[in-house]
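Residue-level structural notes
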Amino acid sequence: MFAARQSFNSLFQKRAFSASARAASKVTVLGAGGGIGQPLSLLLKLNPRVTELALYDIRGGPGVAADLSHINTNSTVTGYNPDAAGLADALKGSEIILIPAGVPRKPGMTRDDLFNTNASIVNSTVPIVSEVYKARGVYNPKRLFGVTTLDVVRASRFISQVQKTDPSNEKVPVVGGHSGVTIVPLLSQSGHPSIAGEARDALVNRIQFGGDEVVKAKDGAGSATLSMAMAGARFAESLLRAAQGEKGVIEPTFVDSPLYKDQGVDFFASRVELGPNGVEKIHPVGQVNEYEQKLLDAALVDLKKNIQKGVDFVKANP
Ligand SMILES: NC(=O)c1ccc[n+]([C@@H]2O[C@H](COP(=O)([O-])OP(=O)(O)OC[C@H]3O[C@@H](n4cnc5c(N)ncnc54)[C@H](O)[C@@H]3O)[C@@H](O)[C@H]2O)c1
């Protein structure tokens, strides 16, 4: 799943960021009828920062919208189908566009296996979108985000289960990407830097491959939807807080990043400070230990391939 902070009034018109625009926050969900899209839309309907919710899907957008529109919060909810102007109307004037559209994993599939049918893995989709935007002359690297929040959410939950602590107090930076070994939890920067040996291996493995637990348990019915909806809603909330002027809002997210460009890796997830224009500051990975450096090295190898795959996909499908 990924998110874009719109800078266009209509799709291709730059919009001035006025105080009134700040007060009115339209959020669009593309793929709103899906397993992630529905609970994500529900959480957005409950978010008082959202004033207008536009729900688009190739099937079922208006139904989800009608249902959510009865919830007694002030935001308006409108559903759109892919008819004549459906998509354009859903996007018009939107502050944030959340895209949980696609096909979820089945048991035994890696995220990379999805690529040919779906091209929906964050590591490759963000480069795909950036290439498409570049081709249209509207790419703004500060406003395109791969949502890796679920990895951070899982990391704090899993470490709390091992340490028997409150997960809301656990902060584990997770950097790299959003696919298997590209997910690099930095336990040395968490509140439990001394976890080592088998306990560390098990925890890191669970964070990297936690999504597989859900895919297996759902037994063919898809991948994480409810936890992903929560993660997507948290990321949207952070974007809105930053857009509405709050300082110091930081989320790990997969963005066009200078950190490893010298190694040919153009996109990377690290802690990113968000602001009214999207990316405000990309924080470096910081001090890592030898174990984490090895994880990082392995992640960079895969990330480079994932990103290239996205770029090649656009070249082959202009
Ligand atoms: N970033 C993450 O952490 C993360 C986590 C879990 C799943 N995902 C991905 O999110 C995506 C959605 O997962 P899901 O479980 O909700 O799947 P789902 O099949 O339940 O829902 C997908 C929805 O997208 C819609 N859709 C498909 N093509 C569309 C298009 N061109 N325009 C608009 N809508 C379209 C479908 O009609 C469906 O309603 C998958 O690609 C999955 O791999 C990402």
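Residues numbered from 1 in each chain as written. Predicted model: local features only at pLDDT ≥ 70, side-chain atom pairs only at ≥ 80, totals over all residues. Heavy atoms only, no water.

The chain is annotated in an unreviewed UniProt entry as Malate dehydrogenase of Penicillium chermesinum. In UniProt, the chain has this text filed under Catalytic activity (unreviewed entry): "(S)-malate + NAD(+) = oxaloacetate + NADH + H(+)". As recorded by UniProt, the Subunit (unreviewed entry) comment attached to the chain reads in full: "Homodimer." (UniProt positions renumbered as here; feature names shortened; annotations may be inferred.)

Some thoughts on the side chain of T28
Structurally, T28 can be placed in strand β2 (residues 26-30). The exposure class of T28 is buried, given its relative accessible area of 0%. At 2.8 Å, the side chain of T28 and the side chain of S94 are in polar contact. Residues within four places of T28 in sequence aside, it is in contact with A54, A90, L91, S94, I96, I97 and L98. (Helix = DSSP H or I, 4+ residues; strand = E, 2+ residues; numbered from the N terminus. Buried < 20%, exposed > 50% of the residue type's maximum accessible area, 1.4 Å probe, protein only. Polar contact = N/O pair within 3.5 Å; in protein donor to acceptor, adjacent residues only side chain to side chain. Contact = heavy atoms within 4.5 Å.)

Observations regarding the environment of V265
Following the sequence through the fold, V265 ends up in the loop between β9 (249-256) and β10 (267-275). Look at V265 and you get buried, because its relative accessible area is 1%. On a C-alpha basis, the gap between V265 and D302 in space is 9.6 Å, while along the polypeptide they are 37 residues apart. Aside from chain neighbours lying at most four places away, what touches V265 is S257, Y260, L300, L303, K304 and I307.

So, unusual backbone geometry
In the Ramachandran plot, K164 falls in the positive-phi region, its phi being about 55 degrees despite a non-glycine side chain. With respect to the secondary-structure elements, K164 resides in the loop between α7 (149-163) and β7 (174-176). Residues other than glycine seldom take positive phi values, yet D219 does so here, at roughly 50 degrees. Structurally, the position occupied by D219 is in the loop between α8 (197-218) and α9 (226-243).

Let's talk about α8
Along its 22 residues, α8 runs 31 Å from first to last C-alpha, staying within 8% of the 32 Å computed at 1.5 Å per residue. At F209, α8 shows its maximal bend, which comes to roughly 60 degrees. Listed as buried for α8 are R200, L203, V204, I207, Q208, G210, G211 and V215. (Expected span 1.5 Å × (residues − 1). Bend = angle between axes of the 7 residues up to and from the residue.)

Re the packing of aromatic side chains
Here the structure, examined in full by the defined rule, presents three aromatic pairs. When the centroid spacing of 5.5 Å and the interplanar angle of 65 degrees are considered together, the rings of F145 and F235 count as edge-to-face. Here F145, found in strand β6 (residues 144-146), pairs with F235, found in helix α9; they are 90 residues apart in sequence, far enough to count as distant. One exposure class covers both F145 and F235, and it is buried. R200 extends its terminal NZ or CZ atom over the ring of Y291, reaching a point 3.7 Å from the ring centre. The residue whose ring lies beneath R206 is F158, and the NZ or CZ to ring-centre distance is 3.7 Å. (Phe/Tyr/Trp six-rings, centres within 6.5 Å; stacked < 30°, edge-to-face > 60°. Lys NZ or Arg CZ within 6 Å of the ring centre and 35° of its normal.)

Notes on the nonpolar core
F254 and F268 are the most contacted members of the largest nonpolar core, which totals 43 residues. The dominant element in this core, judged by the number of residues it contributes, is helix α10 (residues 290-316), at seven residues. Looking at which domains feed residues into this core, each of domain 1 (2-146) and domain 2 (149-309) gives three or more. The next biggest cluster of nonpolar side chains, apart from the first, holds 37 residues, and it includes A224, M228, A229 and A236. (Core = buried A, V, L, I, M, F, W, Y, C linked by side-chain atoms within 4.5 Å. Domains from an automatic or database assignment.)

What to know about the site of the ligand
In the vicinity of the ligand, 25 residues are found, and the nearest of them are M1, G35, I36, D57 and H178. I36 places a polar main-chain atom, nitrogen or oxygen, 2.8 Å from an oxygen atom of the ligand. For the ligand, the protein covers 80% of the area, taking 860 Å² as the surface of the free molecule. (Near = heavy atom within 4 Å. Areas by Shrake-Rupley, 256 points an atom, 1.4 Å probe, with all protein chains shown as cover.)

Some points on the UniProt feature "binding site: NAD(+)" (unreviewed entry) in the chain
The UniProt record annotates "binding site: NAD(+)" (unreviewed entry) at G31, A32, G33, G34, G35, I36, G37, D57, N118 and M228. Mapped onto the elements of the fold, G31 is located in the loop between β2 and α2 (37-45). Given a relative accessible area of 7%, G31 falls into the buried group. Other than its neighbours up to four places away in sequence, G31 contacts G37, Y56, D57, P100 and A101. Judged by relative accessible area, which is 22%, G33 ranks as partly exposed. In contact with G33, other than residues within four places in its own chain, are Q38, D57, R59 and V64.

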